[in-house]
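Single-letter residue listing:
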Amino acid sequence: MSQPDVEFLKAFSEALNRHDIDAVMKMMTEDCVFHAIAGPNLQGKSFVGQAEVRQALENAWKTAPDACWVDGEHFVIGDRGFSETTYKGTTPDGVRSEARMIDAFTFRDGKIAVKNAFRKNRPPIAGNNG
């Protein structure tokens, strides 16, 4: 099976932006790992396996129903890749976040085995200012 390419990462990003959990999970291995941007461990909070990763992403979309990743630049080098984007999202109580971030990926068997997210630590944005 061929390794993912830049078009694969673009499609993954588009699925994230649509909040299409089924499409996202089809692009990840059964034993996938998602290291979130924050958490108690060195890697942040880690979610392992399809069920945990699905739940983590669905919860993130509930926390910021308008969450999106824009201005994407995608790169693939062998079994690794990364997407540099601007994360934008607003919580239900109106707290707006906007910051540059990178998802670092490890590929296996034509899918994403590891999604490791890193985001700038920026205070919430007041009003519509960026």
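Residues numbered from 1 in each chain as written. Predicted model: local features only at pLDDT ≥ 70, side-chain atom pairs only at ≥ 80, totals over all residues. Heavy atoms only, no water.

Draft legend 1. Broad picture of the overall build of the chain. For the chain, the count of helices and strands is three helices and six strands. Taken from the N to the C terminus, the helices and strands of the chain come in the order α-α-β-β-α-β-β-β-β. Relative to the compact-globule value of 14 Å for 130 residues, the chain shows a C-alpha radius of gyration of 14 Å, a close match. Counting the 130 residues in the chain, one finds 40% classified as buried. Surface summary for the chain: the accessible area is close to 7400 Å², and the carbon and sulfur share equals 53%. Distance from the positive charge centre (16 side chains) to the negative charge centre (18 side chains) of the chain: 3 Å. (Helix = DSSP H or I, 4+ residues; strand = E, 2+ residues; numbered from the N terminus. Rg over C-alpha atoms; globule rule 2.2 N^0.38 Å. Buried < 20%, exposed > 50% of the residue type's maximum accessible area, 1.4 Å probe, protein only. Areas by Shrake-Rupley, 256 points an atom, 1.4 Å probe, with all protein chains shown as cover. Lys, Arg positive; Asp, Glu negative; His and termini not counted. Charge placed at Lys NZ, Arg CZ, Asp CG, Glu CD.)

Draft legend 2. Focus on the pairing of strand 3 (residues 68-77). Pairing analysis gives eight bridges linking strand 3 to strand 4 (residues 80-90), with the strands arranged antiparallel. The partner of V70 across the bridge, within strand 4, is T86. Hairpin connection, strand 3 to strand 4: the antiparallel pair is bridged by two residues, and G78 has positive phi, about 65°. (Pairing = 2+ DSSP bridges.)

Draft legend 3. The arrangement of the UniProt feature "domain: SnoaL-like" (unreviewed entry) in the chain in detail. As recorded in UniProt, the sites labelled "domain: SnoaL-like" (unreviewed entry) are residues 10-113. Annotation note: span residues 10-113, helix share 29%, strand share 46%, distance between end C-alpha atoms 17 Å. (UniProt positions renumbered as here; feature names shortened; annotations may be inferred.)

Draft legend 4. View of the environment of T90. With respect to the element layout, T90 can be found in strand 4. Each C-alpha atom of the pair T90 and V53 lies 21 Å from the other, and the pair is 37 residues apart in sequence. Once you skip the residues sitting within four places of it in the chain, T90 turns out to touch T63, A64, P65, D66, V95 and R96. (Contact = heavy atoms within 4.5 Å.)

Draft legend 5. Geometry of the packing of aromatic side chains. Applying the stated criterion across every chain yields a total of six aromatic pairs. Here F75 and F82 contribute two aromatic rings whose centre-to-centre distance is 4.7 Å and whose plane-to-plane angle is 25°, an arrangement assigned as stacked. For F75, a relative accessible area of 34% translates into the label partly exposed. On the basis of relative accessible area, F82 is assigned to the partly exposed category, the value being 29%. Among the aromatic residues, those joined into a cluster by ring pairs are F8, F12, F105 and F107. A cation over a ring is seen here: K45 above F47, with NZ or CZ 5.1 Å from the ring centre. Over the ring of Y87 we find R119, and its NZ or CZ is 4.2 Å from the ring centre. (Phe/Tyr/Trp six-rings, centres within 6.5 Å; stacked < 30°, edge-to-face > 60°. Lys NZ or Arg CZ within 6 Å of the ring centre and 35° of its normal.)

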